[in-house]
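Listed below are the residues making up each chain.
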Amino acid sequence: MSAPILPGATIGVLGSGQLGRMFTIAARRLGYRVHTFSPDQDSPTGQVADHEVTASYDDLAAVSAFARDVAAVTFEFENVPSRTVEALGAGTVVRPSGHVLHVTQHRVREKTFLVGAGIPVAPFAVVEASGDIQRGLAQVGLPAILKTASFGYDGKGQVRIAEPDAASAGWATIGWQPAVLEGVVAFACEVSVVVARSADGAMVDYGAIENSHRHHILDVSVWPARIPEATARKAVALARAACEALDVVGVLCVEMFVDAAGDVIVNELAPRPHNSGHLTIDAHVTCQFEQQLRAVCGLPLGTTTARAPAAAMANLLGDEWGRGEPDWAAALALPEVKLHLYGKLEPRPGRKMGHLTATAGTPDEAEALVREARRLLTARA
Ligand code: AMP
């Protein structure tokens, strides 16, 4: 295996949002330099990186120049054009690989891969022409969800179909793009497992994290998930199997549905640190971002031993700013509560601006504490 990339080297991050920012903070703590590449300026990542390159992902000359200056490149989002990944790969080490991005940036490819790896997914049908929808509905049943095959996140590009007559209009809503039609899963809860995998195939994980969403956006995550031990083990086994089958070098987050019988099926893969894993920064000895760095650099992965028995994370969306600047002091007055802000200047509704983490003796206590901290932000008269 190639020699590890050691502290002092420069790592490149494609994308410049909060995931890149938290990766950069972890990398700089270990003495690495970080360059970030995105179309944006004064970005969450750029604010903490050594160097911010502002260019289009299609500007292959700029991409190649970026690759030449760094010892390895990683990503904070999976929707990187394949030509961009190729240009990067010609100049430096790219982790995770272009193959991992290719599979996970397209729902049909991702589901086909999961089925091939023997990993259960919701019933689905591919929609490419108008006749496909009625055929698909016959296959997956009602209600169903139509999701664009590419570039969907946080529920964008999705429409729920409750009756056959609504199907065509539903497809029009997402612009007649190639899509997957999925049967709605009657889940009891949603969980995710964050797995890190090194180039030599070693893996670590944090167990199951329980997630609740609001308006399709992650709202609160609780660790450990309040599900039976055997169910959590099943979730971890599926996540590790997916990580291995995809040959990820880096971090893979596997989002799953758990039904009342304790069956687990995979909803989605993200080949990078994930919002649900943000609580690992405060709750675990090695956070998901440091794991990404270690994997990318060919260093041993860190322990995922917890610093507290339980933790919870609450997202802070731009909506919290609706009545002015949130009351940070009120939330920070609670011991065991940590504030993370991403340096975004414009608090638009639905925009992820930051998060709060609480650690506690039990998952219920951690969740109550983090929700109380968030409530206090806007409770002032
Ligand atoms: P996704 O963009 O696929 O992660 O979907 C966003 C959220 O929509 C999920 O976290 C679920 O809460 C919900 N969802 C997506 N697909 C399904 C499904 N097949 N059945 C039930 N809920 C779903």
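### Observations concerning the overall build of the protein
The helix and strand inventory of the protein stands at 12 helices and 17 strands. Its C-alpha atoms give the protein a radius of gyration of 21 Å, within 12% of the compact-globule value 21 Å for 381 residues. Its C-alpha atoms put the protein at 60 × 55 × 40 Å along the principal axes. Looking at the protein residue by residue over its 381 residues, the buried ones come to 58%. Sequence separation of at least 24 residues holds for 63% of the intrachain contacts in the protein that already meet a minimum separation of 6. When the accessible surface of the protein is summed, it comes to about 15,600 Å², and 53% of that surface belongs to carbon and sulfur atoms. Here the protein carries 33 positive and 41 negative side-chain charges, and the mean point of each set is 2 Å from the other.

### Notes on the sheet that holds strand E4 (residues 72-75)
Here we have 5 strands laid out as an open sheet, ordered E3-E2-E1-E4-E5, and parallel in their pairing. Each of the sheet's edge strands pairs with one partner strand only, and the pair in question is strand E3 (51-54) and strand E5 (93-94). Note: strand E1 (residues 10-14) against strand E2 (residues 33-38), 5 bridges, orientation parallel. Note that in E2 the partner of Gly-12 across the bridge is His-35. The strands that helix H1 (residues 18-29) touches are E1, E2 and E4; relative to E1, the one it contacts most, it runs at about 170 degrees. Contacting E1, E2, E3 and E4, helix H2 (residues 60-68) crosses the sheet at an angle of about 170 degrees to E2.

### A short note on the pattern of salt bridges
Across all of its chains, the model carries 21 salt bridges by this definition. The shortest N-O distance in the salt bridge between Arg-107 and Glu-268 comes to 2.9 Å. With Arg-107 in helix H5 (residues 107-116) and Glu-268 in strand E14 (residues 264-270), this pair connects stretches of sequence that are 161 residues apart. Per residue, the accessibility class of Arg-107 equals that of Glu-268, and both read buried. The residue Asp-247 makes a salt bridge to Arg-197 at a minimum N-O spacing of 2.9 Å. Here Asp-247, found in the loop between helix H8 (229-246) and strand E13 (250-258), pairs with Arg-197, found in strand E10 (residues 189-197); they are 50 residues apart in sequence, far enough to count as distant.

### A word on the site of the ligand
Residues in contact with the ligand amount to 16 residues; listed here are only the nearest, Lys-147, Gln-158, Glu-182, Val-185 and Glu-190. Residue Glu-268 places a side-chain N or O atom 2.8 Å away from an oxygen atom belonging to the ligand. The fraction of the free accessible surface of the ligand (480 Å²) that becomes covered by protein chains is 93%. Along the lines of polarity and charge, the residues of the shell around the ligand split into 5 nonpolar, 6 polar and 5 charged. Taken together, domain 2 (123-183) and domain 3 (187-378) each give at least three residues to the shell around the ligand, which thus spans both.

### Topic: the domain arrangement of the protein
According to the domain assignment, the protein contains domain 1 (10-94), domain 2 (123-183) and domain 3 (187-378). The distance between the C-alpha centroids of domain 1 and domain 3 comes to 23 Å. Each partner contributes to the interface: domain 1 provides 20 residues, whereas domain 3 provides 21 residues. Where domain 1 abuts domain 3, roughly 1,700 Å² becomes buried across the two surfaces, and 66% of that area is made up of carbon and sulfur atoms. Put simply, domain 1 and domain 3 have 2 salt bridges between them. Across the pair Glu-290 and Arg-29 runs a salt bridge whose closest N-O atoms are separated by 3.0 Å. Counting across the domain 1 and domain 3 interface gives 7 residue pairs in polar contact (both at pLDDT 80 or more). Broken down by secondary-structure element, the contributors of at least two residues to the side of domain 1 that touches domain 3 are H1 and E4. Per element, the largest residue contribution to the side of domain 1 that touches domain 3 is 8 residues, and it comes from H1. Here the side of domain 1 that touches domain 3 is built from residues that sort into 12 nonpolar, 3 polar and 5 charged.

### Observations regarding the sheet that holds strand E17 (residues 352-360)
Spatially, 8 strands are ordered E14-E13-E10-E11-E12-E15-E17-E16 in an open sheet, and the strand pairing comes out antiparallel. What marks the edges here is a single partner per strand, and that holds for E14 and strand E16 (337-341). Pairwise comparison of adjacent strand axes, ignoring direction, gives a mean angle of 25 degrees for this sheet. Where E10 and strand E11 (residues 203-214) come together, 7 bridges link them in antiparallel fashion. The partner of Arg-197 across the bridge, within E11, is Met-203. Here H8 sits on the sheet and contacts E10, E11, E13 and E14; the angle it forms with E13, its principal contact strand, is near 135 degrees.

Cut-offs and rules
- Each residue is numbered by its place in its chain's sequence as written, counting from 1.
- With pLDDT at 70 or above as the cut-off, local features in this predicted model cover only qualifying residues; side-chain atom pairs require 80 or more to be listed or tallied, and sums for whole chains, interfaces and linings still use all residues.
- Computation of side-chain values covers all heavy atoms of the structure but excludes hydrogens and water.
- Each helix is a run of H or I in the DSSP string that is no shorter than four residues. Each strand is a run of E no shorter than two, and both are numbered from the N terminus.
- Throughout, radius of gyration means the C-alpha value; the globule benchmark is 2.2 Å times the number of residues raised to the power 0.38.
- When a residue's accessible area, from a 1.4 Å probe over protein chains only, is under 20% of the maximum for its type it is buried; when over 50% it is exposed; and in between it is partly exposed.
- By definition in these notes, contact holds between two residues if any of their heavy atoms fall within 4.5 Å.
- Every accessible area reported is derived by Shrake-Rupley at a probe size of 1.4 Å, with residue values counting cover from the shown protein chains alone.
- His is not counted here, nor are the chain ends, while Lys and Arg score as positive and Asp and Glu score as negative.
- Charged side chains are reduced to one point each, which is NZ for Lys, CZ for Arg, CG for Asp and CD for Glu.
- For two strands to be treated as a pair, DSSP must find no fewer than two bridges joining them.
- Angles here are taken between N-to-C directions and fall from 0 to 180 degrees, while the axes themselves are lines fitted to C-alpha atoms, restricted in helices to the stretch in contact.
- By salt bridge we mean one thing: a side-chain nitrogen of Lys or Arg within 4 Å of a carboxyl oxygen of Asp or Glu.
- We call a residue near a given molecule or strand whenever any one of its heavy atoms falls within 4 Å of it.
- For the purposes of these results, a polar contact is taken to be a pair of N or O atoms within 3.5 Å, where, inside protein, one atom must be able to donate a hydrogen and its partner to accept one; residues adjacent in sequence count only when each atom of the pair is a side-chain atom.
- Three residue categories are used. Nonpolar comprises Ala, Val, Leu, Ile, Met, Phe, Trp, Tyr, Cys and Pro, charged comprises Asp, Glu, Lys and Arg, and polar comprises the others, including Gly.
- For the purposes of this description, domain bounds are those given by an automatic or database domain assignment.
- Two parts lose some accessible area (1.4 Å probe) when they are put together, and adding that loss for both gives the buried area.

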